[in-house]
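Fold and geometry: a report
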Number of protein chains: 2
Amino acid sequence: MNDRPIGIFDSGMGGFTVMRKVIDRLPDESVIYLGDNARGPFGPRDLAEVRGFALQIASYLEDLGVKLIVIACNSASAAGLLDVQRRCRVPVIGVIEPGARGAVQATVNRRIGVIGTEVTVRSRVYPRAIHALDAGARVFSRACPTLVERVERGEVSGDEVEREVRDYLAPLLRKGIDTLILGCTHYPLLQPLIARVAGEGVVLINSAEEVAREVEEKLMRRGHLRSSQASPRHRFLFTGDTEQALRLGRMFLGPEVAEVERVFLE
Amino acid sequence: MNDRPIGIFDSGMGGFTVMRKVIDRLPDESVIYLGDNARGPFGPRDLAEVRGFALQIASYLEDLGVKLIVIACNSASAAGLLDVQRRCRVPVIGVIEPGARGAVQATVNRRIGVIGTEVTVRSRVYPRAIHALDAGARVFSRACPTLVERVERGEVSGDEVEREVRDYLAPLLRKGIDTLILGCTHYPLLQPLIARVAGEGVVLINSAEEVAREVEEKLMRRGHLRSSQASPRHRFLFTGDTEQALRLGRMFLGPEVAEVERVFLE
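A brief look at the structure comes next. (Residues numbered from 1 in each chain as written. Chains lettered and ligands numbered in written order. Predicted model: local features only at pLDDT ≥ 70, side-chain atom pairs only at ≥ 80, totals over all residues. Heavy atoms only, no water.)

**Considering the relation of the copies chain A and chain B**
The criterion, for reference: Least-squares fitting of one copy onto the other uses the C-alpha atoms of those residues that reach a pLDDT of at least 70 in both copies. Only heavy atoms enter the contact rule, under which two residues are in contact if any of them lie within 4.5 Å.
When chain A is fitted to chain B, the best match, at an RMSD of 0.0 Å, comes from turning it 180° and sliding it 0.0 Å along the axis. Taken together, the rotation and translation describe the operation of a two-fold axis. No C-alpha of chain A lies nearer the rotation axis than that of A:A132, which sits 4.6 Å from it. Both copies present the same face, since 100% of the interface residues in chain A are matched by interface residues at the equivalent positions in chain B.

Shown next as structure tokens:
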């Protein structure tokens, strides 16, 4: 038994889609969520810089006493997962491998599409993770540079964003994909729109569900689930605008976001 | 829905430990089991040769109309999984990655031991698969060349094999491992003995359970579970001695092994 909280971090609000699934599956666990919205989005930045952010945030969370860290951000997982795992004493779970696994399980024609930020697509972590699970799969990737900022502004529907999604998906759909990885934790907030554009023949893979299952298994197998009978307590830490974080947090995560604290990492 | 059988193969009897878990979890599925006991054990052979066997057996099973192939043999997975996946039209599941995943989930001190055949240990597939999931884990491997033949002869207890197991495990236990991967599908048949030698502080990882779960998920997510109301029908194909296969099959798998067919691959 281990009553310490789980740490979850992202460049902003995208990680809420992962946190939602984690607390749905593990309602007794406390979570410390850290959104680095002062420096996010991470997508357009270069790998080494994002890796540095990931290491810094993970060590900050470890100092707060978390028992497990989820990098709920594809860009930060792509850039920094291996280094964070090497550096941290607690287990660290990223979002890439669980998403790749979900896609390999779901695809029938073994043609898998991936959409993500520029840094994620450039890192080629998805093709690598998919080929480690099925060397015969074909992978088609596309960076969607504008979508994270749309979500961070709360623009998750409407003609303009629909047109963008349509443009991004067109080349992947022409390749005959039957499975599409939402390779950015912000994209599940656009899922209804993406599903409509992709059409019924395409299964969408949102790694949040797979990550939540991995967190549960990891804690269960290690005997580290929370035992306290007291209600869990979540904390929401943001490095930038806390007002927007509170507003979008309620919209994207739910009523659990009662209060947002401002923190300074540097 | 898809009523075709699942194909499972091994160099001999070890794959029965995987088949047991698969049919326990999916009792409505039919299985074609192929044991290449004319050429097994694969462990002492070289990688390229084992890869060739794996490709040949997988294509034989595909021609028999299986809907999914499980390489229920660590040596063959280590040597041939990627090529078999590239070559086959149906999904192919190996035993390495599921075992690595189980170990990464179970370990607390992140010191993982692996025992396997010579070809498996030499291939370094386990350290690679483990580090892909936790770059900070330490992996200690040991080849146990005599154990497969012991199992193939039905010698799963007694002083002599216990002494061998003790010698094989000693250097790993000195490294302080808290998790040990049974990196050969024959070893679960020695599990009581290995558990006694390893002691209570070491969790044993038998990839059969993880593989069975992967098979279930794969079929479920693709909508390929068997729908027929008729009882499943299993077939047992062996390339060598069918009498021993029948005897040990009943001992290791159970009463499902009613009849063994001799097949010639070459």
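Let's pick the thread back up.
**Considering unusual backbone geometry**
All names here are of chain A. Keep this limit in mind: Every helix listed is a DSSP run of H or I at least four residues long, and every strand listed is a run of E at least two residues long, numbered separately from the N terminus.
Residue P41 is reached from G40 by a cis peptide bond, and omega for that bond is -5°. Along the polypeptide, P41 turns up in the loop between β2 (31-35) and α2 (47-63). Here R124, not a glycine, exhibits a phi torsion of approximately 60°, which is positive.

**Digging into the layout of surface pockets**
What counts is decided by this rule: Both cavities and pockets are sets of points on a 1 Å grid over the protein atoms alone; in a cavity a 1.4 Å probe fits but cannot get out, in a pocket the set is open with protein on both sides within 12 Å along at least five of seven lines, and lining residues sit with an atom within 4 Å of a point. Grid points are joined across faces, edges and corners, and a volume is the space filled by probe spheres set on the points. We call Asp, Glu, Lys and Arg charged. Ala, Val, Leu, Ile, Met, Phe, Trp, Tyr, Cys and Pro are nonpolar, and the rest, Gly among them, are polar.
By volume, the largest pocket amounts to about 970 Å³. Forming the walls of the largest pocket are 35 residues, and the residues nearest its centre are A:R128, A:A129, A:A132, B:R128 and B:A132. Mapped onto the lining of the largest pocket, the elements with two or more residues apiece are α2, α3 (74-87), α4 (96-106) and α6 (125-133) of chain A together with α3 (74-87), α4 (96-106) and α6 (125-133) of chain B. If one sorts the elements of the lining of the largest pocket by residue count, α3(A) sits on top with eight residues. Taken together, the residues that form the lining of the largest pocket break down as 20 nonpolar, six polar and nine charged.

**Here we look at the state of the cysteines**
Residues and elements named next belong to chain A. Note the following rule: Throughout, disulfides are identified as pairs of cysteine sulfur atoms within 2.5 Å of each other. Using a 1.4 Å probe on the protein chains alone, a residue whose accessible area is under 20% of its type maximum counts as buried, one over 50% counts as exposed, and one in between counts as partly exposed.
If you walk through the whole model with that rule in mind, you get zero disulfides over all chains. No disulfide involves C88; its sulfur sits 15 Å from that of C73, the nearest cysteine. You can call C88 buried: its relative accessible area is 5%. This cysteine, C184, is not joined by any disulfide, and C73 carries the nearest cysteine sulfur, 6.9 Å off.

**A short note on the side chain of B:Q85**
To be explicit about the condition: The definition of a polar contact used here is a pair of N or O atoms within 3.5 Å, where within protein one atom must be able to donate a hydrogen and the other to accept one, and adjacent residues in sequence count solely through side-chain atom pairs.
In this structure, B:Q85 sits in helix α3. Within the local environment of B:Q85, its side chain forms a polar contact with the backbone oxygen of A:L133, the two atoms lying 2.8 Å apart. Apart from the residues lying within four places of it in its own chain, the contact partners of B:Q85 are A:R110, A:L133, A:D134, A:A135, A:G136 and B:V92.

**A short note on the sheet that holds strand β7 (residues 179-183) of chain B**
Residues and elements named next belong to chain B. Keep this limit in mind: The criterion for strand pairing is that DSSP finds at least two bridges linking the strands in question. Angles here are taken between N-to-C directions and fall from 0 to 180 degrees, while the axes themselves are lines fitted to C-alpha atoms, restricted in helices to the stretch in contact.
The strand order across the open sheet formed by four strands is β6-β5-β7-β8, and the pairing between neighbours is parallel. Looking at strand neighbours, the two that pair on one side only are β6 (138-143) and β8 (203-205), the edges of this open sheet. Adjacent strand axes in the sheet meet at a mean angle of 20° when their direction is disregarded. Two strands pair when backbone bridges link them, and strand β5 (residues 111-116) and β6 are joined in this way by six bridges, in the parallel orientation. Of the residues in β6, the one forming a bridge with I115 is R142. Strands β5, β6 and β7 of the sheet are contacted by α6, whose axis makes an angle of about 160° with β6.

**A word on helix α1 (residues 15-25) of chain A**
Those residues of α1(A) that sit buried are A:G15, A:F16, A:T17, A:V18, A:M19, A:V22 and A:I23. Structurally, α1(A) contributes buried residues whose contacts are with β1 (6-10), β2, β3 (68-71), α10 (207-222), β9 (235-238) and α11 (242-252) of chain A.

**Quick look at helix α10 (residues 207-221) of chain B**
Residues and elements named next belong to chain B. Test applied: Expected span, for any helix, means 1.5 Å times one less than how many residues it has.
With 15 residues, α10 ought to run about 21 Å at 1.5 Å a step, and its terminal C-alpha atoms sit 21 Å apart, in line with that. The buried count for α10 comes to 11 of 15 residues, which makes it a mostly enclosed element. For α10, every residue scored as buried is listed here: S207, A208, E210, V211, A212, E214, V215, E216, E217, K218 and L219. Its side-chain oxygen placed 2.8 Å from the backbone nitrogen of A208, N206 serves as the N-cap of α10. Immediately beyond the C-terminal end of α10, within one or two residues, lies G223, with a positive phi of roughly 70°.

**Things to note about the interface of chain A and chain B**
Rules: Here's the idea: put two parts together, see how much 1.4 Å probe accessible area each one loses, and the total over both is what we call buried area. We define a salt bridge as a contact between a side-chain nitrogen of Lys or Arg and a carboxyl oxygen of Asp or Glu at a distance within 4 Å.
Contact residues are listed per partner, giving 28 residues for chain A and 28 residues for chain B. Between chain A and chain B, roughly 2,500 Å² of surface is buried when both sides are summed, and carbon and sulfur atoms account for 36% of that area. At the surface where chain A touches chain B, the tally comes to eight salt bridges. At the junction of chain A with chain B, the criterion picks out 24 residue pairs in polar contact (both at pLDDT 80 or more). It is α10(A) that provides the largest number of residues to the side of chain A that touches chain B, a total of seven residues. Taken together, the residues that form the side of chain A that touches chain B break down as nine nonpolar, six polar and 13 charged.

**Brief notes about the pattern of salt bridges**
Where charged atoms from two side chains of opposite charge come close, those side chains can pair. Residues and elements named next belong to chain A. Applying the stated criterion across every chain yields a total of 49 salt bridges over all chains. One salt bridge in this structure joins E216 and R25, with 2.6 Å as the shortest N-O distance. Placement of E216 in helix α10 and of R25 in helix α1 is noted, with a sequence separation of 191 residues between them. For R25, a relative accessible area of 30% puts it in the partly exposed group. For D36, the salt bridge goes to R39, with nearest N and O atoms at 2.7 Å. Each member of the pair D36 and R39 is classed as buried.

**Side note on the environment of B:I69**
Structurally, the position occupied by B:I69 is in strand β3 (residues 68-71). Along the chain, B:I69 and B:L34 lie 35 residues apart, while their C-alpha atoms are 11 Å from each other.

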